[in-house]
Amino acid sequence: MRLTTMAGVVTAAGVLTAGAAHAQSAGNAAYQDYFRRACIGSSGQLNGLCVASRGGELSGDSESSLNPNQTGVANSNALNRAQALAAVTEARLAALREDGAATEAAAIGPGGFSLFASGQIEGSNQDRGPYDNERGFEGDARRITVGLDRRFGSGALGASLTHSDYGSDFEANRPGNAFTPGADAGGIDSKDVNVTVFATFAPAPNAWVDASLGLAWANYDFRRNAVFQESNRIIPQTNVRASGSSDGREVHASVGAGYDAQLGTLSLGSYLRARYVRSKIDAYSETDPGAGLALNISAARASSLAGVLGLRADYAVSASWGVLVPQARVELEREFKDDPRVTTTSLLLDPARNPFRVTNDAPDRNYVNAGVGLLLVLPNGLMPYVDYERMMGYRDFSRHRITAGLRVEF
């Protein structure tokens, strides 16, 4: 068996000295060097793979497949979910103001309280190349929200509870010479429960200020599918089916202010908003009984501070049965904080715990959210609605959300 012990290795990312923590780089050269080092003193199934591959010599396809850059996606997704939870509450705050104007137009006398419930589905897609920092994926989320709020004078207070269910599948590795990857490279499934409190008030005619604060508790299940193949591609490949579970927490806070102008039955508004979210995923260890390539995954933390400049329009159409309110909005969003983050991994059967660091991609700083909706204001304080929103202008990433709900005033 040949073991590689170099004093220094030059990679596309720079110079890596012996014992240094490795990070992924173009072409995965750093992962090849990392795996050679992990083979030194390895035990169990990992040692068997190291012997079969002459000290850890991998095919290029296997380098790309084994690179655990799935871990770089997990916290980005957690931030996105926290941002979505904040957006659900921001929509409810906007609805409180819109309901007041619409019920006046319908001559329906609202009470001080309202119950509301909504369901939301979300689809997202990320495209990535074989040597990018992150993996491409397709994801979907489902959220159910229930809550209660009360109007008082020129403002309102409320609270809500949201249950979210998220699932994603990573894009499969590309087939190669005697290299047959699985249908996907793994995935992430999570469930979380979020509690949010919110308030809005009007400091002057047609002006408003609102704020919200929420906390979520999450459970994660991770799957990582990869292929081990030695560089000569003679020995049959070994399929990796690693999995792990962890817990996490998410915090979101939002503050906004705006001005609405009434032009008859047309309402035009502009607003500014600041949104802060933070997420944490606890450290965990994978299980991989079939291949011996399970990993230790470090805890991951991420935070985002975004500013939003928005314009919206509502048009109230009165009828004998109530009011029909078409709605439209467009928002320019700017990310100020979400810089690239590092997650550290190591092979469980590597006694030296050589670290391999995964760095996620830097976010796009500017992008646009656009939405359209329809609100019905019916007798007895019933207000069903539907809304569609799409993210645009974000590099190699797309997202859309559909929300339907009902509000009842009493």
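See the structure printed just above.
For clarity, every value in this text was computed on a predicted model and none was experimentally measured.

Along the chain, the position of Asn369 falls in strand S18 (residues 366-377). Its relative accessible area of 3% is what places Asn369 among the buried residues. Residues in contact with Asn369, not counting those within four places in the same chain, are Arg329, Val330, Glu331, Glu333, Glu389, Arg390, Met391 and Arg399.

Of all eleven residues making up helix H1 (residues 29-39), ten are buried, and the element is well covered by its neighbours. Turning to H1, its buried residues number three or more, namely Ala30, Tyr31, Gln32, Asp33, Tyr34, Phe35, Arg36, Arg37, Ala38 and Cys39. The positive-phi residue at the C-terminal boundary of H1 is Gly41, with phi of around 80 degrees.

Below, the discussion takes up the layout of surface pockets. A water-sized probe, rolled over the atoms, reveals where empty space remains. Each pocket or cavity is described by its volume, and for the second largest pocket that value is around 310 Å³. As for the second largest pocket, its lining consists of 18 residues, and the residues nearest its centre are Ser64, Pro130, Ala172, Asn173 and Arg174. Across the lining of the second largest pocket, the residue classes break down as five nonpolar, six polar and seven charged.

So, about the state of the cysteines. Applying the stated criterion to the full structure yields one disulfide. Disulfide pairing is shown between Cys39 and Cys50; the S-S distance is 2.0 Å. Looking along the S-S bond of the Cys39-Cys50 disulfide, the torsion reads about -80 degrees, which is the left-handed sense. Pair noted here: Cys39 is in helix H1 and Cys50 is in helix H2 (residues 44-52), with a separation of eleven residues, a long-range link. Each member of the pair, Cys39 as well as Cys50, is classed as buried.

Okay, empty space enclosed by the protein next. For the structure on display, the rule yields four cavities of 30 Å³ or more. Considered as a void within the structure, the second largest cavity measures approximately 90 Å³ in volume. Lining the second largest cavity are Gln70, Thr71, Ala74, Phe170, Gly187, Ile188, Phe222, Arg223, Arg224, Tyr284 and Glu286. Residue assignment for the lining of the second largest cavity shows that the elements contributing at least two residues are helix H4 (71-105), strand S7 (186-201) and strand S8 (207-228). No other element matches S8, which puts three residues into the lining of the second largest cavity. Taken together, the residues of the lining of the second largest cavity sort by class into five nonpolar, three polar and three charged.

Of note in the backbone geometry, Asn380 takes a positive phi value of approximately 65 degrees without being a glycine. Structurally, Asn380 can be placed in the loop between S18 and strand S19 (382-392). You can call Asn380 exposed: its relative accessible area is 70%. We note that Asp396 has phi near 55 degrees; this positive angle belongs to a residue other than glycine. Turning to its location among the elements, Asp396 is positioned in the loop between S19 and strand S20 (397-409). Residue classification places Asp396 among the partly exposed positions, given a relative accessible area of 40%.

The rules behind these values
- Residues numbered from 1 in each chain as written.
- Predicted model: local features only at pLDDT ≥ 70, side-chain atom pairs only at ≥ 80, totals over all residues.
- Heavy atoms only, no water.
- Helix = DSSP H or I, 4+ residues; strand = E, 2+ residues; numbered from the N terminus.
- Buried < 20%, exposed > 50% of the residue type's maximum accessible area, 1.4 Å probe, protein only.
- Contact = heavy atoms within 4.5 Å.
- 1 Å grid on protein atoms, 1.4 Å probe; cavity = no way out; pocket = protein on both sides within 12 Å on 5 of 7 lines; lining within 4 Å.
- Points joined across faces, edges and corners; volume = space filled by probe spheres on them.
- Nonpolar A, V, L, I, M, F, W, Y, C, P; charged D, E, K, R; others polar.
- Disulfide = S-S within 2.5 Å.

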